[in-house]
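Structural overview
Listed below are the residues making up each chain.
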Amino acid sequence: MSDTRTNPSTQFEDDEIDLLALLRRLWAGKYWIAGVAVVALVIGAIIAVGTPATYRADALLQLEEKSGQLALPEALSDLSGSEPRSATEIEILRSRLVLGKAVADVHLDWQAKPKELPLALRALVKLGLPLPNFAGLAAFARGDEVLRLDLLEVPSFWLGEEMSLVAGDDGSFTITLPNGVARQGRVGETLMDQDLEFALRVGDLQAGPGREFSIKHLSDSAAINGLRGRLSVSERGRQTSILELGLTGADRQSVERELHAITQAYLRQNISRSAAEAQSSLTFVESQLPEAEAAVKKAEDALNQYRQEQQAIDLGFEGQSLLTQISSLESELQQLADQEDELSERYTPNHPVYQQLLNARARLESRLETLRSEVGGLPQTQRVVFNLTRDLELAQEVYVQLMNRAQELQVLKASTIGNVRIVDQARTAPLPVAPKRSRILALSLLLGLIAGAGGVLLRAWLRKGVHSSEEIEATGVPVFATINHLPEATAHRKSRSHLPIHAFTDSSNLAIEGFRSLRTALHFGLLDAGTRSIAITSAAPEAGKSFVAVNLAAVSVQADQKVCLVDADLRRGRLRRYFKVSKHQPGLSEYLAGEAELDDILVPSTYPGLMFLPTGQFPPNPSELFMRKRFSELLAELDRRFDLTIVDTPPALAVTDPVVIGRAVGATIMVARFDETPLGEVEAVQHQFATAGVKLSGAVLNGFDHRRADAGYGYGYGYSYRYTYKKSEVD
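This structure is a prediction, so every number in the text was calculated from the model and none was measured.

The number of helices and strands found in the chain is 25 helices and 20 strands. Here the chain holds 731 residues, and 42% of them are scored as buried. Restricting to contacts in the chain with at least 6 residues of sequence separation, those with at least 24 account for 80%. In the form shown here, the chain has an accessible surface area of approximately 39100 Å², with 53% of it arising from carbon and sulfur atoms.

The final tally for this structure, using the stated rule, is seven aromatic pairs. Ring geometry for Phe504 versus Tyr607: centroids 3.7 Å apart, planes at 15 degrees, classification stacked. Residue Phe504 is found in helix α15 (residues 502-505), and its partner Tyr607 is found in the loop between β16 (603-604) and β17 (610-613); the two are separated by 103 residues along the sequence. Relative accessible area serves as the criterion here: at 24%, Tyr607 is assigned to the partly exposed category. The interplanar angle of 80 degrees and the centroid separation of 5.2 Å between the aromatic rings of Phe626 and Phe631 together place this pair among those described as edge-to-face. Among the aromatic residues, those joined into a ring-pair cluster are Phe157, Trp158 and Phe198. Lying across the ring of Tyr591, Arg630 places its NZ or CZ 4.0 Å from the centre.

Now for the sheet that holds β17. Taken in spatial order, the eight strands make up an open sheet running β13-β20-β19-β14-β18-β15-β17-β16, and their pairing is mixed. Looking at the sheet topology across the chains shown, the edges are occupied by β13 (479-484) and β16. Two elements, strand β14 (residues 533-538) and strand β18 (residues 644-648), share four bridges in a ladder whose sense is parallel. Residue pairing for β18: Ile536 is matched across the bridge by Asp648. Across the sheet, helix α17 (residues 545-558) lies against β13, β14, β15 (563-567), β17, β18, β19 (667-673) and β20 (698-704), angled at about 170 degrees from β18, the strand it touches most. Each of β14 and β19 is contacted by helix α24 (residues 679-691), which is oriented at about 165 degrees to β19, the strand it contacts most.

Overall, the coordinates contain 17 salt bridges when judged by the stated rule. Linking Lys115 and Glu212 is a salt bridge whose minimum nitrogen-to-oxygen distance equals 3.9 Å. On the criterion of sequence distance, the pair formed by Lys115 in the loop between β2 (110-114) and α6 (119-126) and Glu212 in strand β9 (residues 212-217) is long-range, its members being 97 residues apart. Classification of Lys115 as partly exposed rests on a relative accessible area of 35%. Between Arg630 and Glu597 there is a salt bridge; the shortest N-O distance is 3.7 Å. Taken together, the residues Arg630 in helix α22 (residues 629-641) and Glu597 in the loop between α19 (588-592) and α20 (598-601) connect sequence positions 33 residues apart.

The next subject is unusual backbone geometry. Of note, the bond from Ala434 into Pro435 is cis; its omega dihedral lies within 30 degrees of zero at 0 degrees. With respect to the helices and strands, Pro435 occurs in the loop between β12 (420-428) and α12 (437-462). Despite not being glycine, Ser241 shows a phi value in the positive range, around 60 degrees. Along the chain, the position of Ser241 falls in the loop between β10 (231-235) and β11 (242-249).

Let us look at the packing of helix α3 (residues 30-50) against α6. Two measures define how a pair of helices packs: the angle their axes make with one another and the distance between the axes. As a packed pair, α3 and α6 sit with axes 8 Å apart at the nearest point and diverge in direction by 65 degrees. One way to sum up the angle between α3 and α6 is to call them roughly perpendicular. Viewed along their axes, α3 and α6 form a crossing whose handedness is left-handed. Listed contacts from α6 to Ile46, Ile47, Val49 and Gly50 of α3 are Leu119, Ala120, Arg122, Ala123 and Lys126. In terms of residue class, the contact of α3 with α6 is built from six nonpolar, one polar and two charged.

Given 3.6 residues per turn, any residue in an α-helix points the same way as the ones three and four places further on. For helix α7 (residues 220-230), the complete set of buried residues consists of Ala223, Ile224 and Leu227. Looking down the long axis of α7, one finds its buried residues gathered within 95 degrees of arc, a one-sided arrangement.

Take the nonpolar core next. In this structure, Leu565, Tyr578, Phe579 and Ile646 are the most contacted members of the largest nonpolar core, which totals 38 residues. Broken down by element, this core gets its largest block of residues, nine residues, from α17. Those residues in contact with Leu565 that sit more than four places away from it in its chain are Ala549, Val550, Ala553, Leu575, Phe579, Leu610, Met611, Phe612, Leu613 and Ile646. Of all hydrophobic cores here, the second largest spans 32 residues; its members include Ala57, Ile90, Leu93 and Leu267.

On average, residues of the chain carry a pLDDT of 82, and 82% of them reach 70 or more. Of the regions scoring below 50 in pLDDT, residues 1-15 engages in 18 contacts with residues more than four places distant in sequence or in other chains.

Here the focus is the pairing of strand β8 (residues 198-206). One ladder, built from seven bridges, connects strand β3 (residues 146-153) with β8; its direction is antiparallel. Looking across to β8, one finds that Leu147 is bridged to Leu205. Bridge count between strand β7 (residues 190-193) and β8: four bridges; the pairing is antiparallel. Bridge pairing in β8 links Met192 to Ala199.

What follows concerns the sheet that holds β9. Strand order in this open sheet of five strands is β2-β9-β4-β5-β6, and the pairing throughout is antiparallel. Here the strands that pair on one side only, and so sit at the sheet edges, are β2 and β6 (182-186). Geometrically, the sheet is characterised by an average inter-axis angle of 25 degrees between neighbouring strands, direction not taken into account. Looking at chain direction, strand β4 (residues 162-167) and strand β5 (residues 172-176) are connected through four bridges and run antiparallel. Opposite Leu165, over in β5, you have Ile175 as the bridge partner.

Conventions used here
- Residues numbered from 1 in each chain as written.
- Predicted model: local features only at pLDDT ≥ 70, side-chain atom pairs only at ≥ 80, totals over all residues.
- Heavy atoms only, no water.
- Helix = DSSP H or I, 4+ residues; strand = E, 2+ residues; numbered from the N terminus.
- Buried < 20%, exposed > 50% of the residue type's maximum accessible area, 1.4 Å probe, protein only.
- Contact = heavy atoms within 4.5 Å.
- Areas by Shrake-Rupley, 256 points an atom, 1.4 Å probe, with all protein chains shown as cover.
- Phe/Tyr/Trp six-rings, centres within 6.5 Å; stacked < 30°, edge-to-face > 60°.
- Lys NZ or Arg CZ within 6 Å of the ring centre and 35° of its normal.
- Pairing = 2+ DSSP bridges.
- Axes fitted to C-alpha atoms, helices over the stretch in contact; angles between N-to-C directions.
- Salt bridge = Lys/Arg side-chain N within 4 Å of Asp/Glu carboxyl O.
- Parallel < 35°, antiparallel > 145°, perpendicular 65-115°, else oblique.
- Left-handed = near helix turned anticlockwise from the far one by under 90°.
- Nonpolar A, V, L, I, M, F, W, Y, C, P; charged D, E, K, R; others polar.
- Arc of directions from axis to C-beta.
- Core = buried A, V, L, I, M, F, W, Y, C linked by side-chain atoms within 4.5 Å.
- pLDDT = per-residue confidence, 0-100.

Structure (structure tokens):
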């Protein structure tokens, strides 16, 4: 007998994602998703309420242009007037120079914190629920504690070490040092140990008895790094030279005070830097004054000496006129040189304005050369006096400029205000910047929905059991019926007492309607069969094959058929519990062994039309018994006496008995339990029967639960779930 089944792997593998199937799975797991979302929302609410508030203080600084009035001659003054760069000032603000001064000003290296409650309990306290002071809770803060340190000194090897301070009554406290020694102290009194170089003075302590605080003296680097981590500096706008400072912290007043200390420290260093520049320029100018004065004295002596030697009194009118004109032309040339520097930044040398300046300079240079040539025409004595007089005037001019710069720098040094202006003083916003409770709740809900959906999809991906009749039919095995989940039957699965036949006790249940559908399908399926016998098997135990066999027999009896139910599981048969038959009752094994006749082993039930054939004593060789001719004769005799014979067999993957029985019966039905029987087991059973030349007639999907199934599967159960029989209409 050929096996025409298709490979399921080719039927289920698809490169495209079935979005509709995903939505169905998510809708089927909506309660799970909602539960996870609620749990995540509760956790988010605890985090939002229990997380301490974080406040932010901000300040605004303006970087102004420098005045440019440094102690330099005019020719060098342009080197000092550059605009400050914001990036440089930002790095200075974050430097140890500035932050170290701020740490020292407000004692940020002293750290005193109360012992915090766990997050969940902290949330309860913030919601106004009182907490008792027993069971170790007295040490935890309630949110209204105050501890101010006026003095804290520790030896270097205790830097960063934690000390525990426990509040007592009437301003007393107990502090446990890092070496384990406990010391008693009072508020306002200095607690000192000179040998250890330890000193502590608590300025204010407001806490109930038993409250515990953690005290640390941080190293300078640790305190600076901690402050730098909470500080943000950025330029507001592009090239505006406006710096915005922000500092975060847990206390509104403290964070404002700390940021104010940072701005003041930065302002002081800027002023001192400007004063240092003025002092440096003043020192340079004062160092040049003696040389300039000596140059003036030397020029005067040279002129006077020459006059005395040559008895020359002055230059005369012509020489004096030449000297004045030459000085004037040189001054004009210097001005043109300054103008050329400015024009070169805006125009090219070919521009008319630039050309006009070059022409004017050429004319002045030509006139200057003419005057200098006229100087050469003066008498020898006047030429020498002319040169000496000119040297004296140049020396005097340099000396006067240096004297003026020295006086300006002295004034600048005395009135230095720096080039930084505080636009907005440090101020803390009234509302905390964190935690963002609405954002936390929204994110928690979103993550809960994602986690719930992910769990549903992961569970669907990891599940091994079949979830729909379509999955079974894809293997080539037709599904005759889908039996709805029956909670009562599940509860009785492991029971060792009498089992009820639900088709008789609760015939209006929708699960029993599935057996009626199975009865109808088998009625037409056995029309061409050689025998009116059906074998019920499964891939593994606990699939519900016995439940299916007995209830199928019951609904068949209700259709006025004479039915014989045979328990052919000669290893672990349990159908006797439905009929209250003793396990010592002779049955099928005795008949197949030739030790009993059929009439001796048939057990009539309390239900008219239904006979039961028990297993009898469990034999050591069940497979060999079924292979005897006597089994085929039994089925033929039952065909003559009954309208339908239902044979309950062992699991097919456990033993070979179902295959042997399948060769003798008219049809073989496999029972697969919803969400428990793997699809691979269905394929294995089909392959096992096909190898033996037996066709697996069909399957039954048992225990179908629409709440756990992918929506849309089954045979229109959305309608059936709202439909029930009336008691008066039950047959």
